[in-house]
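# Results of the structural survey
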Amino acid sequence: MNFLQYPRPLADLIVALSRLPGIGPKTAGRLAFYLLQQPEAAESLAQAIREAKDTISQCSICCNFTDVDPCGICENPSRDQSILCVVEQPRDVAALEKTREFKGLYHVLHGCLSPMEGIGPDQLKVQELLRRLEGVREVVMALNPTVEGEATSLYLAKLLKPLGIMVTRIAHGLPVGGDLEYADEVTIARALEGRRQL
Amino acid sequence: MAVYHADALVIRSREYGESDRLLTLFSREMGKLQALAKGVRKPKSRQRAAAQLFTYGEYLLHRGRTLDTVNEASPKESFPHLWNDYDRTLAATRVAELLDMATIPGQIYPEAFTLTLTVFFLLEHFDPYLLQGAYALRLLRLLGYAPRLGECSECGGALCGPRLFISSAAGGALCLTCREQYAGRWISAGSMALMRQLLNGEMRKLDRLRWNAMMQQEILETLRAYCEETFERKLKSWQMGSAAVEGGGQDRDGKEGST
Ligand SMILES: [Zn+2]
Ligand SMILES: [Zn+2]
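Every chain is numbered independently, its residues counted from 1 as its sequence is written. All chains are assigned letters beginning with A, and all ligands numbers beginning with 1, in the order in which they are written. Since the coordinates come from a predicted model, pLDDT governs what is reported: local features require at least 70, and pairs of side-chain atoms require 80 or more to be given and counted, while whole-chain, interface and lining totals use all residues.

### Things to note about the overall build of chain B
Helix and strand content of chain B: seven helices and eight strands. Here the radius of gyration uses the C-alpha set of atoms, whereas the globule reference equals 2.2 Å times the residue count to the power 0.38. Its C-alpha atoms give chain B a radius of gyration of 20 Å, within 12% of the compact-globule value 18 Å for 259 residues. Principal axes of the C-alpha set define a box for chain B whose edges measure 60 × 40 × 30 Å. By residue count, 44% of the 259 residues in chain B fall in the buried class. Whether two residues are in contact depends on their C-beta atoms, placed from the backbone: they are in contact if these lie within 7 Å. A fraction of 56% describes how many contacts in chain B between residues 6 or more apart in sequence connect residues 24 or more apart. Strands here are runs of E lasting at least two residues and helices are runs of H or I lasting at least four, both read from the DSSP assignment and numbered beginning at the N terminus. Comment: burial labels come from other C-beta atoms within 10 Å of the residue's own C-beta, placed from the backbone, where a count of 20 or more is buried, 12 or fewer is exposed, and between is partly exposed.

### Things to note about the overall build of chain A
Within chain A one finds eight helices and six strands. Seen in sequence order, chain A has helices and strands lined up from the N terminus as α-α-α-β-β-α-β-α-β-α-β-α-β-α. Computed over the C-alpha atoms, the radius of gyration of chain A is 21 Å, more than 25% above the 16 Å expected from 2.2 N^0.38 for a compact globule of 198 residues. Judged by the C-alpha coordinates and their principal axes, chain A covers about 65 × 45 × 35 Å. For chain A, with 198 residues in total, the buried portion stands at 24%. In chain A, 45% of the contacts between residues at least 6 apart in sequence involve partners at least 24 apart.

### Points about the nonpolar core
Grouped together as the largest cluster of nonpolar side chains are 101 residues, with contacts concentrated most on Val86(A), Leu25(B), Leu99(B) and Leu139(B). All domain edges in this entry derive from an automatic or database-based domain assignment. The two domains that each donate at least three residues to this core are domain 1 (3-78) and domain 2 (81-256) of chain B. Setting aside residues up to four positions removed in sequence, Val86(A) forms contacts with His107(A), Leu109(A), Leu129(A), Val139(A), Val140(A), Met141(A), Ala142(A), Leu143(A) and Leu156(A). Structurally, a nonpolar core is described as a collection of buried Ala, Val, Leu, Ile, Met, Phe, Trp, Tyr and Cys residues joined by way of C-beta atoms within 7 Å.

### Brief notes about the confidence of the model for chain B
All names here are of chain B. Per residue, pLDDT captures the predictor's confidence, and it can take any value from 0 to 100. Per-residue pLDDT for chain B has a mean of 90; in total, 92% of the residues score no lower than 70. Taken together, the stretch residues 243-259 has pLDDT below 50 and engages in 23 contacts with residues farther than four places along the chain or on a different chain. The ipTM assigned to the predicted complex is 0.82, against a pTM of 0.87.

### Focus: the domain arrangement of chain B
Residues and elements named next belong to chain B. What the domain assignment reports for chain B is domain 1 (3-78) and domain 2 (81-256). Between the C-alpha centres of domain 1 and domain 2 there is a distance of 29 Å. With 13 residues of domain 1 at the contact, the number on the domain 2 side is 16 residues. Elements that contribute at least two residues to the side of domain 1 that touches domain 2 include exactly β1 (3-16), β2 (20-27) and β3 (31-37). In the side of domain 1 that touches domain 2, the residues fall into seven nonpolar, two polar and four charged. For this classification, the nonpolar set comprises Ala, Val, Leu, Ile, Met, Phe, Trp, Tyr, Cys and Pro, the charged set comprises Asp, Glu, Lys and Arg, and every other residue, Gly included, is treated as polar.

### As for the sheet that holds strand β5 (residues 138-141) of chain A
Residues and elements named next belong to chain A. Paired strands, in this sense, are two strands between which DSSP finds at least two bridges. Read across the sheet, four strands follow the order β4-β3-β5-β6 without closing on themselves; strand pairing throughout is parallel. Strands with a single pairing partner mark the edges of an open sheet, and in this sheet they are β4 (105-108) and β6 (166-169). Pairwise comparison of adjacent strand axes, ignoring direction, gives a mean angle of 25° for this sheet. Sitting on the sheet, helix α5 (residues 90-99) is in contact with β3 (83-87) and β4, with an inclination near 125° to β3. Lines fitted to C-alpha atoms define the axes here, with helix axes fitted over just the stretch in contact, and angles between the N-to-C directions of these axes take values from 0 to 180 degrees.

### Looking at the interface of chain B and chain A
Contact with chain B, which involves 26 residues of that partner, is made by 22 residues of chain A. Top element by residues in the side of chain B that touches chain A is helix α2 (residues 86-102) of chain B. It accounts for six residues.

### A look at the pairing of β5(A)
Residues and elements named next belong to chain A. Side chains of β5 alternate between two faces, with Val139 and Met141 buried and Glu138 and Val140 left unburied. Note: β5 against β6, four bridges, orientation parallel. When the bridges of β6 are listed, methionine 141 appears paired with arginine 169. Assignment of crossover handedness uses the view with strands pointing away from the viewer, where a clockwise path from the first strand over the helix to the second indicates a right-handed crossover. For the handedness criterion, the β-α-β arrangement of β5, helix α7 (residues 147-160) and β6 is classed as right-handed.

### Some words on the environment of Ser18(A)
Residue and element names in this part refer to chain A. Residue position: serine 18 is located in helix α1 (residues 8-18). The exposure class assigned to serine 18 is partly exposed, which follows from the 18 C-beta atoms found within 10 Å. Spatially, the C-alpha atom of serine 18 lies 9.9 Å from that of alanine 32, the residues being 14 residues apart in sequence. The contact partners of serine 18, leaving out residues within four places of it in the chain, are Ile23, Gly24, Pro25 and Ala28.

### Observations regarding unusual backbone geometry
Asp69(A) connects to Pro70(A) through a cis peptide bond whose omega is -5°. Looking at the secondary structure, you find Pro70(A) in the loop between β2 (65-66) and α4 (72-75). A positive phi angle, near 55°, is found at Arg100(A), a position not held by glycine. Positionally, Arg100(A) belongs in the loop between α5 and β4. Residue classification places Arg100(A) among the exposed residues on the basis of 7 C-beta atoms within 10 Å. Of note in this structure, Phe54(B) is not a glycine but carries a positive phi near 70°. With respect to the helices, strands and loops of the structure, Phe54(B) is situated in the loop between β3 and β4 (56-62). With 25 C-beta atoms counted inside 10 Å, the residue Phe54(B) sits in the buried group.

### Quick look at the sheet that holds strand β5 (residues 68-77) of chain B
All names here are of chain B. Read around the closed barrel, the five strands follow the order β1-β2-β3-β5-β4; overall the barrel is mixed. In this sheet, adjacent strand axes meet at a mean angle of 50° when their direction is disregarded. Across seven bridges, β2 lies against β3 in antiparallel orientation. Across the sheet, the residue bridging to arginine 21 is alanine 37, located in β3.

### Looking at the confidence of the model for chain A
Mean pLDDT for chain A: 91, with 98% of residues reaching 70 or above. When mean pLDDT is compared element by element in chain A, β4(A) scores highest at 98, while helix α8 (residues 185-193) of chain A scores lowest at 81.

### Comments concerning the packing of α2(B) against helix α4 (residues 128-142) of chain B
All names here are of chain B. It is the contact of α2 with α4, at a shortest axis distance of 9 Å, that shows an interaxial angle of 10°. When the axes of α2 and α4 are compared, the pair comes out roughly parallel. For the pair α2 and α4, the contacting residues are Asp87, Arg88, Ala91, Arg94, Val95, Leu98, Leu99 and Ala102 in the first and Pro128, Tyr129, Leu131, Gln132, Tyr135, Ala136 and Leu139 in the second. A per-class count over the contact of α2 with α4 returns eleven nonpolar, one polar and three charged. Each angle receives one of four descriptions, namely roughly parallel if under 35 degrees, roughly antiparallel if over 145, roughly perpendicular if within 65 to 115, and oblique otherwise.

Shown next as structure tokens:
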């Protein structure tokens, strides 16, 4: 798209916004004009971005985003150090924490294996995971139920099992409140595979 | 035609926006298409399964101004074996990437569609990397790049010696005299013979073929270079070794096939 009709700083802003995930050039233009019309909102947004960028880094143990290193979860003595839950993204940690079900520690891979996009083990926090296995009894895979997520779980299981670590995967099944008849065959097969005694 | 129908394989599925996926579909009737599957990363979406990589299904697509979108989709086959085994996932990924690289939108490839679908089914039981090799050679042939592997591609003369020369620029193997004019690579006569079988043998009997780790590596490397040179693009997933997992390739050596 051509922004040459705008003054350069405005065009730059639109281009920068349109690089954000999920934002097309049209939305970027709308946001840019909004920010120019609301100087206070623009100022506080600029400040928040700068502050987050300057103070948030990756935890040196679990690779989650944090403002202190190690992060609050890794430093919490009441959490079970012998069980690690592997997730793709920092936002997945937040989703799991909301449930208050998991008492162990996390490890954030920052993605999953995607050979077609050129993303292999070296592009993920795999070495960081292998370096922190002392005293770990179980590793729970909580990756997205996609082909790439599954491939990543299988890959990590192959690395971890020879070390005598139990590798488990969270159950994949039917969404709560969904009708069984609307579920697809893969989901139903997975749900059957993960059945439990009542 | 605002709405149209496609019988297609998902050969690429990328996260897009907040909760969508951008699919590359390879269809029987229309060749390669891109379509946006909206909301399919939410657990309640009914099109979630059909938007997963390597799914074969029926898609009802709506023509959009910039991007077509998936209106309805029903998966016919989701190939669970391509989810449950790392080597099979990798081989299928390499098949999909090669197909994506070698084809252009707006052209139809009914035979390549059938070949790809067949390979996805055969991946359940066959050596995944043998299939990958056979696929590459057969796709090259379907697209008009059939490599000549039985005689010199330049003069038609006989090939001899324990090491043979192959060049994508020449379109196949070369004799000792003709090879001087071409860039290419040396491979063992055994690998060349196996490649001939991968290209010409009956698809359903491919699993009777045997190779060792060295031949596997030599053949897949040769085919990667051959395809990259032919289509002038890099094959990312072909460079990512299966050796990333120790013993992943060796597990299958000498395993009995379905014969
Ligand atoms: Zn941490
Ligand atoms: Zn010759």
